[in-house]
Amino acid sequence: MSSANPAGQTPNADRYLLRGAAVLGGERTDLLIGDGVILETGTGLSDARAAVLDADGLVVLPGMVDVHTHLREPGREDAETVETGTRAAALGGYTAVHAMANSSPVADTAGVVEQVYSLGRAAGWVDVRPVGAVTVGLAGEQLAELGAMADSRARVRMFSDDGMCVHDPVLMRRALEYVKAFDGVIAQHAQEPRLTAGAQMNEGKVSAVLGLTGWPAVAEEAIIARDVLLAQHVDSRLHVCHVSTAGSVDIIRWAKARGIKVTAEVTPHHLWLTEDLVRSYDPVYKVNPPLRSDEDVTALREAVADGTIDVIGTDHAPHPSEAKECEWAQAAMGMTGLETALSVVQHTLVETGMISWADFARITSATPARIGQLQDQGRLVAAGEPANLVLVDPAARWTVDPAAMATKGRNSPFAGRELPGAVKATFFRGHATVLDGALNTPYDFAGEL
Amino acid sequence: MRHLLSTEDLGRGDAVRILDTAEEMSAVGDREVKKLPALRGRTVVNLFFEDSTRTRISFEAAAKRLSADVINFAAKGSSVSKGESLKDTAQTLEAMSADAVVIRHWASGAPQRLANSGWIDAAVVNAGDGTHEHPTQALLDAFTMRRHWSRLNRNASTGADLTGLRVAIAGDVLHSRVARSNVWLLRTLGASVTLVAPPTLLPVGVEHWPCEVSYDLDSTLAKGVDAMMMLRVQAERMNASFFPSAREYARRWGFDDRRLASLDSLGLKDTIIMHPGPMNRGLEISSAAADSPRSTVLAQVRNGVSVRMAALYLLLSGDTREERNELTKVSSS
Ligand SMILES: [Zn+2]
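Thresholds, definitions, all that
- Residues numbered from 1 in each chain as written.
- Chains lettered and ligands numbered in written order.
- Predicted model: local features only at pLDDT ≥ 70, side-chain atom pairs only at ≥ 80, totals over all residues.
- Heavy atoms only, no water.
- Helix = DSSP H or I, 4+ residues; strand = E, 2+ residues; numbered from the N terminus.
- Rg over C-alpha atoms; globule rule 2.2 N^0.38 Å.
- Buried < 20%, exposed > 50% of the residue type's maximum accessible area, 1.4 Å probe, protein only.
- Contact = heavy atoms within 4.5 Å.
- pLDDT = per-residue confidence, 0-100.
- Domains from an automatic or database assignment.
- Buried area = accessible area lost by both parts, 1.4 Å probe.
- Salt bridge = Lys/Arg side-chain N within 4 Å of Asp/Glu carboxyl O.
- Polar contact = N/O pair within 3.5 Å; in protein donor to acceptor, adjacent residues only side chain to side chain.
- Core = buried A, V, L, I, M, F, W, Y, C linked by side-chain atoms within 4.5 Å.
- Nonpolar A, V, L, I, M, F, W, Y, C, P; charged D, E, K, R; others polar.
- Pairing = 2+ DSSP bridges.
- Axes fitted to C-alpha atoms, helices over the stretch in contact; angles between N-to-C directions.
- Donors = N, O, S within 2.8 Å, 3.2 Å for Na, K, Ca; no water.
- Arc of directions from axis to C-beta.
- Left-handed = near helix turned anticlockwise from the far one by under 90°.

Draft legend 1. Spotlight on the overall build of chain A. Scanning chain A for helices and strands turns up 10 helices and 19 strands. Here chain A has a C-alpha radius of gyration of 21 Å; the compact-globule value for 449 residues is 22 Å, and the two agree. The principal-axis extents of the C-alpha atoms in chain A amount to approximately 65 × 45 × 45 Å. Burial status across chain A gives 63% buried among its 449 residues. Of all intrachain contacts in chain A linking residues separated by at least 6 positions in sequence, the fraction that spans at least 24 positions is 74%.

See the structure below:
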């Protein structure tokens, strides 16, 4: 923000005038962006210094906030770096991402989360908010120094062993209790480990035929049921990562009705793709939790529409191609998602009439920012607010080409599909990180470092 | 047919054609010179990521009887150690101009991956993949059953299917590629199938399969069975709580001497007893049952070569009528 700049310096001199953008898909207005904020809205605005963008037919939304991103750095720079992952994020319409802790070394100390935070600032494409590990080395045995990470320059508020489940009930209880000291939240990867030993895909009709070890829905649901009861017992905040089954939705709905402080996330791929794709044995469809059934997809969409599921989280998980060019059982789990999330949500929820663009802003920006406690993100599109915005052409159609993406990962399950909706511009702190649908330049944090 | 990957997607026409061709091949095996020139100059690679001497030598014998060049390639790499990648191996075989790759792999779907990846141009034959399929085993089982069924019905085998045949398959269905391939193929050929197993050794989702499911071997036999197929059960399964002990398993689901005797009292005088091998005598099958005149275990091994010859022949030599007539001429001369 300009207020954070040293006196007399204006590191962000960008000024843009968006003409005729539909705010959250509704009322059309001009927006004048300058000094990192929305200076003015209304019709017939003019500004001599501003670059004018014709936003006729375009929708303006708050910049998207991902609660679940794997940036792979430090440790797996062959798969992704903070630089490439956040370029992908900006292109996908994001202005903030939460970087999951399963890097190497694991983000389980103040030092590692500050490193990731600094890499994010140096890159300048989005706000990078590190997620801290719940347990040392994600080993599920001993609490990591949660307080030190919270107090660090990275100001960690979300903690997760994602990739691994905090399966020990006592440890989970302690973690839920402990983070209350700094208003943190535990984001659980709900997977009962014994029920999913060697699991390769959803357990059911298709796994029976394919002879692949099943990942039963109950292994997710049993952990969620336990965790919401623990959250109730110790009056803590729980966030459930990548909900994938109809049964999980029922449990979360029940918990919310009882006033339990639980939020839930769903990935774009679980809103669309089903286990039938595994019949190809193409590991691009291998993901954890696995693709489920049609009934699950329907239940997940309804859960977003009725508010049971609060947010979209991409679970963007890039892998080098050799990790997918192999037998199914040998392949790594995970899919890229940052550059397709907006389009997939538009296709599955907006174009089906299940949600509005205002709802889209809530589930991709406002609520994710609230869960992650990002003050400058997920705000209203109104004068005086920070200019973290995305300009979308909902009428555009494009065909997914993983080779053309900014992420290093080529593992998009949507390759070759035609998707609706394109990001025309992304504004991060008033600076256009994306213009005309292409990367522009990063925001320069130099003045704030 | 471009590849032979599974019986799930094998149509009735192709299945019957393989069985009929196998009958012709079997006639070659009865001759003094057991060799046909059909695949001279062609290269068949046996690519085994998992040890199975019996399956490898069966394919090797089949390819050699068709005069193909055979290369045995035991690839390193297991579920634990990664070893050479499937892609690199495939590209090596492509560089060697393999015409067919017979692949055995511990990972379900590896043959399909090989066939559809674009890494290789050769015909791919699945010789057993993980717990997915083992199509040539099911074809040799069907071949064995068809001969038996035709003899009983005084029909010619050729052109026939298995309509009316009652088959029971007992054992570890969950981990069995043989069971899966048999269920699909037997359905396609018109037989009725009952799977018999402890509930722990049946996959979730088996209720969608085109067969009956029973937990009780005796009541299944009492309803009448024409072919009783026993599946290999690994005693180690009891360590993962699939069943309490080998003894309890054998008592409830093994084909023991008491059940062998019961076939006579049930009036099932023509029922055959099948096993894909290798057998765990005393666990899923008693020695008396395995060695009885009802047992087709050795016939299955013999028929395996004929069926694999048929599969390789149909995949590699094209499938024109002229060529088939040519084959008939050679094999009957
Ligand atoms: Zn996860």
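Draft legend 2. Structural context of the confidence of the model for chain A. This prediction gives chain A a mean pLDDT of 96; 97% of its residues lie at or above 70. Low confidence marks residues 1–11 of chain A, where pLDDT is under 50. Its contacts with residues over four positions away, or in another chain, come to 10 contacts.

Draft legend 3. Representation of the domain arrangement of chain A. Residues and elements named next belong to chain A. Here chain A is partitioned into domain 1 (2–60 + 383–447) and domain 2 (63–372). One C-alpha centre belongs to domain 1, the other to domain 2, and the line joining them spans 26 Å. Counting residues at the interface gives 40 residues for domain 1 and 46 residues for domain 2. Both sides together, the interface formed by domain 1 and domain 2 hides about 3400 Å², and carbon and sulfur atoms give 65% of it. Three residues stand out in domain 1 for area buried against domain 2, namely Lys 408, Asn 411 and Phe 414, and they jointly supply 20% of the buried area on that side. When the shortest N-O distance is used, the salt bridge between Asp 127 and Arg 429 registers 3.0 Å. Taken together, the connections running from domain 1 to domain 2 amount to 20 residue pairs in polar contact (both at pLDDT 80 or more).

Draft legend 4. Region of the structure containing the nonpolar core. Judged by nonpolar contacts, the single largest core of 80 residues is most densely connected at Phe 159, Ile 309 and Phe 360 of chain A. No other element matches helix H6 (residues 217–234) of chain A, which puts six residues into this core. Here this core spans two domains, and each of domain 1 (2–60 + 383–447) and domain 2 (63–372) of chain A adds at least three residues to it. Counting 67 residues, the second-largest nonpolar core is a separate cluster that includes Leu 162, Trp 184, Val 193 and Met 309 of chain B.

Draft legend 5. Highlighting the interface of chain B and chain A. Contacts between chain B and chain A engage 24 residues on the former and 20 residues on the latter. A buried area of about 1800 Å², summed over both sides, lies between chain B and chain A, and 53% of it is on carbon and sulfur atoms. Our count for the contact surface shared by chain B and chain A stands at two salt bridges. Among the salt bridges present, the one from Lys 87 of chain B reaches Glu 325 of chain A, with a minimum N-O distance of 2.7 Å. The interface formed by chain B and chain A contains nine residue pairs in polar contact (both at pLDDT 80 or more). Elements that contribute at least two residues to the side of chain B that touches chain A include exactly helix H3 (86–95), helix H4 (110–116) and helix H6 (177–188) of chain B. Per element, the largest residue contribution to the side of chain B that touches chain A is three residues, and it comes from H4 of chain B. Split into classes, the residues belonging to the side of chain B that touches chain A amount to 10 nonpolar, nine polar and five charged.

Draft legend 6. Spatial organisation of the sheet that holds strand E5 (residues 166–170) of chain B. All names here are of chain B. One open sheet accounts for five strands, arranged E7-E6-E5-E8-E9; its pairing is parallel. In this open sheet, the two strands that pair with only one neighbour each are strand E7 (212–214) and strand E9 (272–274). Here the strands of the sheet are splayed against their neighbours by 20 degrees on average, with no regard to which way each runs. By the bridge criterion, three bridges tie strand E8 (residues 227–230) to E9 in an arrangement that is parallel. Across the sheet, residue Ala 227 finds its bridge partner in E9, namely Ile 272. Strands in contact with H6 are E5, strand E6 (192–196) and E8; relative to E5, the strand with the most contacts, it is inclined by about 165 degrees.

Draft legend 7. Region of the structure containing the domain arrangement of chain B. All names here are of chain B. Split by domain assignment, chain B resolves into domain 1 (12–133 + 300–332) and domain 2 (135–297). For domain 1 versus domain 2, the separation of C-alpha centres amounts to 26 Å. Contacts between domain 1 and domain 2 engage 28 residues on the former and 33 residues on the latter. Here domain 1 and domain 2 share an interface that buries about 2500 Å² over both sides, 54% of which is from carbon and sulfur atoms. For the domain 1 face of the interface with domain 2, the top three residues by lost area are Leu 19, Glu 133 and Gln 300, together amounting to 30%. Taken together, the connections running from domain 1 to domain 2 amount to four salt bridges. Linking Arg 177 and Glu 50 is a salt bridge whose minimum nitrogen-to-oxygen distance equals 3.0 Å. The tally of links between domain 1 and domain 2 comes to 17 residue pairs in polar contact (both at pLDDT 80 or more). Those elements that place two or more of their residues in the side of domain 1 that touches domain 2 are helix H1 (12–29), helix H2 (53–65), strand E3 (100–105), strand E4 (123–129) and helix H11 (297–316). Here the side of domain 1 that touches domain 2 gets nine residues from one element, more than from any other, and that element is H1.

Draft legend 8. Structural context of the coordination of the zinc ion. Residue and element names in this part refer to chain A. Only Asp 162 (OD), His 189 (ND1) and His 242 (NE2) from the protein coordinate the zinc ion, and they sit 1.9 to 2.2 Å from it. On the primary sequence, the residues serving as donors to the zinc ion are separated as D-x26-H-x52-H. Of this pair, His 189 sits in the loop between strand E10 (185–188) and strand E11 (201–202) while His 242 sits in the loop between strand E13 (238–240) and helix H7 (246–257), and the two are 53 residues apart along the sequence. With respect to burial, His 189 and His 242 carry one shared label: buried.

Draft legend 9. Representation of the pattern of salt bridges in the model. Residue and element names in this part refer to chain B. For the coordinates displayed, the defined rule picks out 36 salt bridges over all chains. Arg 259 is the partner of Asp 256 in a salt bridge, and the nearest nitrogen-oxygen pair spans 4.0 Å. On the basis of relative accessibility, which here comes to 22%, the residue Asp 256 falls in the partly exposed class. The shortest N-O distance in the salt bridge between Arg 294 and Asp 264 comes to 2.9 Å.

Draft legend 10. Representation of H3 of chain B. Residue and element names in this part refer to chain B. The set of residues buried in H3 consists of Leu 86, Thr 89, Ala 90 and Leu 93. Each buried residue of H3 sits inside an arc of 100 degrees when the element is viewed along its axis, so together they form one side. Ser 97 occupies a position one or two residues after H3 and carries a positive phi of about 55 degrees.

Draft legend 11. Quick peek at the side chain of Asp 127 of chain A. All names here are of chain A. Tracing the backbone shows Asp 127 in strand E8 (residues 127–130). Of note is the side chain of Asp 127, whose polar atom sits 3.0 Å from the side chain of Arg 429. Residues contacting Asp 127, with those up to four places away along its chain left out, are Thr 95, Ala 96, Val 97, Gln 377, Phe 428, Arg 429 and Phe 445.

Draft legend 12. Structural detail: the environment of Gly 384 of chain A. One can find Gly 384 of chain A in the loop between helix H10 (357–372) and strand E16 (389–399). Residues Gly 384 of chain A and Ile 38 of chain A lie 346 residues apart in sequence; the distance between their C-alpha atoms is 5.4 Å.

Draft legend 13. Spotlight on the packing of H1 of chain B against H11 of chain B. Residues and elements named next belong to chain B. Remark: H1 packs on H11, axes separated minimally by 8 Å, with the N-to-C direction vectors making an angle of 115 degrees. The crossing of H1 and H11 is right-handed. Facing Arg 17, Ile 18, Thr 21, Ala 22, Met 25 and Ser 26 of H1, the residues of H11 in contact are Ser 306, Val 307, Met 309, Ala 310, Tyr 313 and Leu 314. Taken together, the residues that form the contact of H1 with H11 break down as eight nonpolar, three polar and one charged.

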